[in-house]
Amino acid sequence: MHNLNKVNRTKSEMGVFHDYPHHFELKKEGNAEVLVHGIRNTENGDFFLSNMKDVYCLYGQNYLGTIKTNMLGTCFDVYDFGLDDSNLKDLPRSFLPSRRQIMRIEYDSNFFAEKPRQFRITFYDWKNSYNPTEITNKLINMTPKFNHSRGCYTLNFFGRVNKASARNF
């Protein structure tokens, strides 16, 4: 089964050297309904997710969560709407919910382009308060096979791709 989604990115027009913030929309392929709205204010900043356009009030009623990236941009941790533990240390216990990791999205860096990238998505059992690090699902992309007659890696896209491209991996 294939679930096709599309992410639209809109850059700000604030000037020549500064095009942030970037606004993101996640839609199902062929559908105009937006599932999630996102914003990234700086090049190395976190992504903030909302279910309402242009309403990115941290911890407000439309706030869905945060996506944090590592230094290389190859690992993305997705968190729910809870507060960071450093903000909860001075509050009474169980006063507000603490932030929980929902999923991790990773891909292998490929600086020298010797092989196609491999993507992994790990879902955590964030509803289980006893063991929030338990893995419930793990998705790994299909690995392309080397085609000796063509001299390149190929992958069956089941009729969805008409033109060969490096971005198809």
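Each remark here, short or long, concerns the structure printed above.
Residues numbered from 1 in each chain as written. Predicted model: local features only at pLDDT ≥ 70, side-chain atom pairs only at ≥ 80, totals over all residues. Heavy atoms only, no water.

**Some thoughts on the sheet that holds strand S5 (residues 63-69)**
As summarised here, the arrangement of the nine strands in space is S1-S2-S3-S4-S5-S6-S7-S8-S9, forming an open sheet in which the pairing is antiparallel. Bordering the open sheet on either side are strand S1 (5-11) and strand S9 (135-140), each of which pairs with just one other strand. Geometrically, the sheet is characterised by an average inter-axis angle of 20° between neighbouring strands, direction not taken into account. Where strand S8 (residues 119-124) meets S9, five bridges bridge the pair, whose relative direction is antiparallel. Counterpart to Thr122 in the pairing with S9 is Lys138. (Pairing = 2+ DSSP bridges. Helix = DSSP H or I, 4+ residues; strand = E, 2+ residues; numbered from the N terminus. Axes fitted to C-alpha atoms, helices over the stretch in contact; angles between N-to-C directions.)

**Regarding unusual backbone geometry**
A positive phi angle is found at Asp54, which is not glycine, with a value near 60°. The topology assignment puts Asp54 in the loop between strand S4 (47-50) and S5.

**Some remarks on the environment of Phe123**
With respect to the helices, strands and loops of the structure, Phe123 is situated in strand S8. When the C-alpha atoms of Phe123 and Ile102 are compared, they prove to be 6.1 Å apart, with 21 residues separating the residues in sequence. With sequence-adjacent residues up to four places away left out, Phe123 is seen in contact with Ile102, Met103, Glu134, Ile135, Thr136, Asn137 and Leu139. (Contact = heavy atoms within 4.5 Å.)

**Here we look at the side chain of Asn62**
Within the fold, Asn62 resides in the loop between S4 and S5. In this structure Asn62 comes out as buried when scored by relative accessible area, which is 13%. Here Asn62 is in contact with Leu49, Ser50, Asn51, Met52 and Val55, once residues within four sequence places are set aside. (Buried < 20%, exposed > 50% of the residue type's maximum accessible area, 1.4 Å probe, protein only.)

**Things to note about the nonpolar core**
By size, the foremost hydrophobic cluster in this structure holds eight residues: Phe24, Phe47, Leu49, Ile67, Phe76, Val78, Ile102 and Met103. Elements with a minimum of two residues in this core: S4, strand S6 (75-79) and strand S7 (101-107). In this structure Val78 touches Thr66, Ile67, Arg100, Gln101, Ile102, Met103 and Ile105, once residues within four positions along its chain are discounted. (Core = buried A, V, L, I, M, F, W, Y, C linked by side-chain atoms within 4.5 Å.)

**Things to note about the pattern of salt bridges**
Within this structure, the stated rule accounts for seven salt bridges. Residue Arg100 pairs with Asp80 through a salt bridge whose shortest N-O separation is 2.8 Å. Taken together, the residues Arg100 in the loop between helix H1 (85-88) and S7 and Asp80 in the loop between S6 and H1 connect sequence positions 20 residues apart. Assessed through its relative accessible area of 26%, Arg100 is described here as partly exposed. Residue Asp80 is classed as buried on the basis of its relative accessible area of 2%. The salt bridge involving Asp84 is made with Arg99; its shortest N-O contact spans 2.7 Å. Within this pair, whereas Asp84 is found in the loop between S6 and H1, its partner Arg99 is found in the loop between H1 and S7, the two being separated by 15 residues in sequence. Relative accessible area serves as the criterion here: at 24%, Asp84 is assigned to the partly exposed category. Overlapping salt bridges, with partners in common, bring together Glu106, Asp108 and Arg120 in one network. (Salt bridge = Lys/Arg side-chain N within 4 Å of Asp/Glu carboxyl O.)

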